[in-house]
Amino acid sequence: MEYPFHEIEKKWQKIWIDKGIFNATDCSDKEKYFVLSMFPYPSGKLHMGHVSNYSIGDAVARYKMMEGYNVMQPMGYDSFGMPAENFAIQHNSHPRLTTEDNIDIMRGQFNSMGFGFDWDREVSTCRPNYYKWGQWLFKRMYEKGLVYRKKSFVNWCDDCQTVLANEQVEDGACWRCGKEVKQKEMMQWFFRITEYAEQLLDFSGMIDWPERVITMQKNWIGKSYGTEIVFPLEEGEGDIPVFTTRPDTIYGVTFMALPPEHHLVRKWLEEEKEGSDMAAFCDKVLKEDKAERSADDTVKEGVFTGRYCINPLNGDKVQIWVTNYVLMEYGTGAVMAVPAHDQRDWEFAAKYDIPVKIVIQNPEEELVLDNMTCAYTEPGVMVASKQFDGMKSTDAITEISKYIEAENMGKRTESYRLRDWGISRQRYWGNPIPIIHCDQCGTVLVPDEDLPVLLPDDVQVGKTKQNPLLSAEAWLNTTCPKCGGAAKRETDTMDTFVDSSWYFARYTDALNDDQPFSKENADYWLPIDQYIGGIEHACMHLLYARFFHKFMRDIGLVSCDEPFSRLLTQGMVIKDGAKMSKSKGNMVDPGDYIDRYGADTVRLFMLFASPPEKDVEWNDEGVVGAFRFLNRIWRLVEQNLHIVKKFHKHYAEDIEISRDIKELRYSTHFTIKKVNEDIRERMHFNTAIAAVMEHLNNVSSIKVENLTDNEKVIFAEAIAVIPRLLYPFTPHICEELWKMMGGTSLLHKVGIIEHIEKFLVKDEITYPIQIMGKLRGKLDVPASTPIEEIKKLALEVDNVQKHIEGKTVRKVIVVPNKLVSIVV
RNA sequence: GCGAAAGUGGCGGAAUUGGUAGACGCGCUGGACUUAGAAUCCAGUGGGAGAAAUCUCGUAGGGGUUCGAAUCCCCUCUUUCGCACCA
């Protein structure tokens, strides 16, 4: 017989929601705990990744509820964006309709898993009451000078008809559709995230972030210290600033390398005839997409522009080349090339026969130009560098920089790999950018009182190749808020990462119609105590959200510096050794398993199979194992219900207790301690659950018939503890068992159970005995035995005698309560 | 190439600060119950030797520190993840 999980789960899910136990109280006197799991795209189908994520979050939330915190665990939907648009196209409907349908389905699925979400705070990014405040934040950013528009080369996907962030290009292909990405020059809206680069490098506000994620963000931001040096052009107006971390090599510059996107190159191209070598080369390179250009096997190529600039330090004429290996986005978008001391420049110079000049000598072994096979990039002694000759190159970095600054040829500076965040998307299903273009007044912000700029419904989704918003003429044509003349709306919508960069704050005051959220609520709830999400968000979402948070702090919306105190990056769900995905055909539908075994079983398996930060291998037999365990508990309680009801909550006198029962009591309190520690200190639910399983085995081995009344009290306690310990993992069955046992309040109110230390004191200890590190015997002694006595007794053990025969015992080490080690 | 994490039975994984390696679960083997199956219960389960007591090998490989190492140190290998023409 299986336990009636179906009825039980439905029953308790209804009770919890009816009683509103997951509804958090704003600004209460109680201490708050904010648990947040990454909100999903409402696909209409819960998948195992969700189940894993939210099972972890719910375990934390429920445990904190038991501890008496005012817990908020909200849920919402990241519902703008291409997947929702594509979903509607496939179903021949409108994304507004399909999205709301899918949200209803998913809310039902979450409830059927028993996740404790506060539905009063539900957020969906495509609803006007949410995206209104996204537009409002855009405006505040604009006013702060953090928004700008520039013409730039962008990754363009023909198939999706949209611009992609560099991060959204994977191996030269669109991360969503997999089609090849091209380069296109367009006007784009940008957020000046680089303004916050320095602050984003400060991780001191994180209480508990995985080192891995911090390292990834640091690398992503990629700060380096160097010097900006200005090379004037030989002819005509203008100069070329370069950024270098190696100013010590400045006297070895033999050419200047520019990317085809460089503004000087664009200018020279206009001056030249079509079909010149330079034009042909630039065309060719620009057609290749960025990822391909920066792939490590790409051959370095270039064309001489026929122009020169002047090395400001020695007046040398320096050839200017257009190349495919310089990145427009990094530094100043120009490289002073020093073939003798940079491998990339070396390769390029060798290919095009450009001179090489040694300016740093290897102190170990003299460099001779004709014998060199690669660049010398190590530090050394300065040569051919005028007044700096003889200096250590490491010192010359500072000295030359000082000289450059003194002579007004440049300045010391920092450079970041991080680039500004292009947020323009030429798509329909996104948050409209609140901008109006007026022929008279130029770019005008939509006034606050006109927000939100509603996304029009009557557009032809998916029919047109261009942005559908261009076809919504009634919406597109408007009047200028400044001059009242005819004007057009901005048709770009925002990247959905913008929506997800501040949703956490909206949860603190999700229904507020007057502001994004009140300061009072935000100050009470933020920062988030525990955030749980996948590692894939390490560099994008988590960095963007930190940027937004810091911006919101700067305009006085929030007080704390960081949004997420603790971060848990949970592992993926694996099946047959690969990540579950549609393309691999190894998807498992959680719904099937909820129907067959119940939500508690699915949750239990997810948490038991591995620690949360590691991948979970989905295993059908393992699920059955989890189910079996719950059934064993159910039977145990049913069979002994009369004892539990009669004896639980009585006090056991320490008399007439058999050894077995004493051990059972030890097991009870040991398990309580273990479960609490595993959850509080490491969030290792797998070992916490294993401890309860072990305890169940201990309880099961007790013969009930022979127990005295006093012993039955201890036996009843051993059973009654189980639902209280498992509640965060399998809440439904635990509530039911607790009620069966006579419990009158819900388990989160009953609270955490703490162990009693005196029951963990053993009066007899088993010492393993090692001789030269090898286990040779065991010794049972009363706990009070003095160390000298233990030493004596250990040497008398039969098997020990056998092994020390004929040898000299040099030393006997007794580690109290642990072991005895004998050195011979 | 740089950076990070990891490598333990047939499998997922335990071993929190150096102290009985393999908890717990799955799988497998044998048994009980049953007309039979399912379910359940009992026993066993790292390799090798042995009737057993017990011995021996064993945490990717090699070396070291220690009474004692999966754990600490050095070298090598492998895997995963992140970054990478970053000037």
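Anything mentioned here points back to the structure above.
## Quick word on the overall build of chain A
Okay, step 1: Scanning chain A from terminus to terminus reveals 28 helices and 35 strands.
Okay, step 2: In terms of overall dimensions, chain A has a C-alpha envelope of 105 × 85 × 50 Å along the principal axes.
Okay, step 3: For chain A, long-range pairs separated by at least 24 residues make up 72% of all intrachain contacts whose partners lie at least 6 apart in sequence.
Okay, step 4: When the accessible area of chain A is evaluated, it comes to approximately 36700 Å², of which 48% is carbon and sulfur surface.

## Overview of the sheet that holds strand β22 (residues 435–438)
Okay, step 1: Pairing is antiparallel in the open sheet, where four strands are placed in the order β23-β22-β25-β24. With partners counted over all chains shown, the strands left at the sheet margins are β23 (442–445) and β24 (477–479), one partner each. For this sheet, the mean angle separating the axes of adjacent strands, direction not counted, is 40°.
Okay, step 2: Where β22 and strand β25 (residues 486–489) come together, three bridges link them in antiparallel fashion. Paired with His 437 across the strands is Lys 488, a residue of β25.

## Re the pairing of β22
Okay, step 1: Sheet analysis places β22 next to β23, joined by four bridges and oriented antiparallel. In the sheet register, Ile 436 faces β23, and the bridge partner there is Val 444.

## Brief notes about the sheet that holds strand β10 (residues 223–232)
Sheet strands associate in pairs through backbone hydrogen bonding, adopting either a parallel or an antiparallel arrangement.
Okay, step 1: What the three strands build is an open sheet, ordered β11-β10-β18; its pairing is antiparallel. This sheet does not close on itself; its edge strands, each paired only once, are β11 (239–244) and β18 (410–416). The sheet shows a mean angle of 35° between the axes of neighbouring strands, direction not considered.
Okay, step 2: By the bridge criterion, seven bridges tie β10 to β18 in an arrangement that is antiparallel. Paired with Tyr 225 across the strands is Glu 414, a residue of β18.

## So, the pattern of salt bridges
Okay, step 1: What the rule picks out here adds up to 45 salt bridges.
Okay, step 2: Notably, a salt bridge pairs Glu 399 with Lys 402, separated by 3.8 Å at the nearest N-O pair. Highlighted residues: Glu 399 and Lys 402, both in helix α12 (residues 393–406), separated by three residues, approximately one helical turn.
Okay, step 3: Judged by relative accessible area, which is 32%, Glu 399 ranks as partly exposed.
Okay, step 4: Each of Glu 100, Asp 104, Arg 107, Glu 122 and Arg 127 takes part in salt bridges that share partners, so that together they form one network.

## Quick word on the protein's contact with RNA strand B
Okay, step 1: The environment of RNA strand B is formed by 55 residues, the closest being Thr 244, Thr 245, Lys 300, Arg 344 and Ser 821.
Okay, step 2: A distance of 3.4 Å is found between a sugar or linking oxygen of RNA strand B and a side-chain nitrogen or oxygen belonging to Arg 212.
Okay, step 3: At 2.7 Å from a phosphate oxygen of RNA strand B is found a side-chain nitrogen or oxygen belonging to Arg 628.
Okay, step 4: When grouped by side-chain class, the residues that make up the surface near RNA strand B number 19 nonpolar, 15 polar and 21 charged.

## Quick look at the side chain of Ser 518
Okay, step 1: Within the fold, Ser 518 resides in the loop between α15 (503–506) and α16 (519–525).
Okay, step 2: Exposure remark for Ser 518: the relative accessible area of 13% places this residue in the buried category.
Okay, step 3: Here Ser 518 is in contact with Asp 509 and Asn 512, once residues within four sequence places are set aside.

## Topic: the packing of aromatic side chains
Okay, step 1: For the structure on display, the rule yields 55 aromatic pairs.
Okay, step 2: Aromatic pair Phe 80 and Trp 429: ring centres 5.1 Å apart, planes at 75°, arrangement edge-to-face. One end of the pair, Phe 80, is in the loop between β3 (76–77) and α3 (82–90); the other, Trp 429, is in the loop between β20 (424–425) and β21 (431–432), with 349 residues separating them in the sequence. Both residues of the pair, Phe 80 and Trp 429, count as buried.
Okay, step 3: For the ring pair Tyr 251 and Phe 388, a centre distance of 6.2 Å and an interplane angle of 45° mean the geometry is tilted. Separated by 137 residues along the polypeptide, Tyr 251 in the loop between β11 and β12 (255–258) and Phe 388 in the loop between β17 (381–382) and α12 bring together distant segments of the chain.
Okay, step 4: Aromatic rings pair up to connect Phe 138, Tyr 142, Trp 189, Phe 191, Tyr 196, Trp 421, Phe 497, Tyr 544, Phe 547 and Phe 548 into one cluster.

## Focus: the side chain of Glu 562
Okay, step 1: Tracing the sequence through the fold places Glu 562 in the loop between α17 (541–554) and β28 (567–570).
Okay, step 2: Within the structure, the side chain of Glu 562 is placed 2.9 Å from the side chain of Arg 546, a separation counted as a polar contact.
Okay, step 3: For Glu 562, the side chain forms a polar contact with the side chain of Lys 550, separated by 3.0 Å.

## Description of the environment of Phe 281
Okay, step 1: Relative to the elements of secondary structure, Phe 281 occurs in helix α9 (residues 277–287).
Okay, step 2: With 21 residues separating them in the primary sequence, Phe 281 and Pro 260 have C-alpha atoms 8.4 Å apart.
Okay, step 3: Excluding residues that lie within four positions of it along the chain, Phe 281 makes contacts with Glu 301, Gly 302, Val 303, Val 322, Thr 323 and Asn 324.

## Regarding the nonpolar core
Note that soluble globular proteins tend to have their nonpolar side chains buried in a common cluster.
Okay, step 1: Among the nonpolar cores identified, the biggest contains 187 residues, and Phe 110, Phe 138, Phe 191, Trp 421, Phe 504, Met 552 and Trp 618 are the most heavily contacted of them.
Okay, step 2: With eleven residues, the single largest contributor to this core is helix α24 (residues 709–726).
Okay, step 3: One finds Ala 279, Val 285, Ala 340 and Ala 375 within the second-largest nonpolar core, a separate group that totals 43 residues.

## What to know about the environment of Pro 363
Okay, step 1: By secondary structure assignment, the location of Pro 363 is in the loop between β16 (360–361) and β17.
Okay, step 2: Considering only alpha carbons, one finds Pro 363 and Met 382, 19 residues apart in sequence, at a separation of 10.0 Å.
Okay, step 3: Sequence-distant contacts of Pro 363, defined by excluding residues within four places in its chain, comprise Tyr 376, Pro 379, Gly 380 and Val 381.

## Remarks on unusual backbone geometry
Okay, step 1: Following Leu 451, the chain continues to Pro 452 via a peptide bond in cis, the omega torsion being 0°.
Okay, step 2: Along the chain, Pro 452 falls in the loop between β23 and α13 (473–476).
Okay, step 3: A cis geometry characterises the amide bond from Leu 526 onward to Pro 527, with omega recorded as 0°.
Okay, step 4: Here the phi dihedral of Lys 649 falls at roughly 80°; this positive angle occurs in a residue that is not glycine.
Okay, step 5: Structurally, the position occupied by Lys 649 is in the loop between α21 (641–647) and α22 (659–682).
Okay, step 6: For Lys 649, a relative accessible area of 70% puts it in the exposed group.

## Some points on helix α11 (residues 343–352)
Okay, step 1: If you check which residues of α11 are buried, you get Asp 345, Trp 346, Phe 348 and Ala 349.
Okay, step 2: Considering only its buried residues, α11 is in contact with β12, β13 (302–310), β14 (317–323) and β15 (335–337).
Okay, step 3: Just past α11, the residue Asp 353 takes up positive phi, approximately 60°.

Calculation criteria
Residues numbered from 1 in each chain as written. Chains lettered and ligands numbered in written order. Predicted model: local features only at pLDDT ≥ 70, side-chain atom pairs only at ≥ 80, totals over all residues. Heavy atoms only, no water. Helix = DSSP H or I, 4+ residues; strand = E, 2+ residues; numbered from the N terminus. Contact = heavy atoms within 4.5 Å. Areas by Shrake-Rupley, 256 points an atom, 1.4 Å probe, with all protein chains shown as cover. Pairing = 2+ DSSP bridges. Axes fitted to C-alpha atoms, helices over the stretch in contact; angles between N-to-C directions. Salt bridge = Lys/Arg side-chain N within 4 Å of Asp/Glu carboxyl O. Buried < 20%, exposed > 50% of the residue type's maximum accessible area, 1.4 Å probe, protein only. Near = heavy atom within 4 Å. Polar contact = N/O pair within 3.5 Å; in protein donor to acceptor, adjacent residues only side chain to side chain. Nonpolar A, V, L, I, M, F, W, Y, C, P; charged D, E, K, R; others polar. Phe/Tyr/Trp six-rings, centres within 6.5 Å; stacked < 30°, edge-to-face > 60°. Core = buried A, V, L, I, M, F, W, Y, C linked by side-chain atoms within 4.5 Å.

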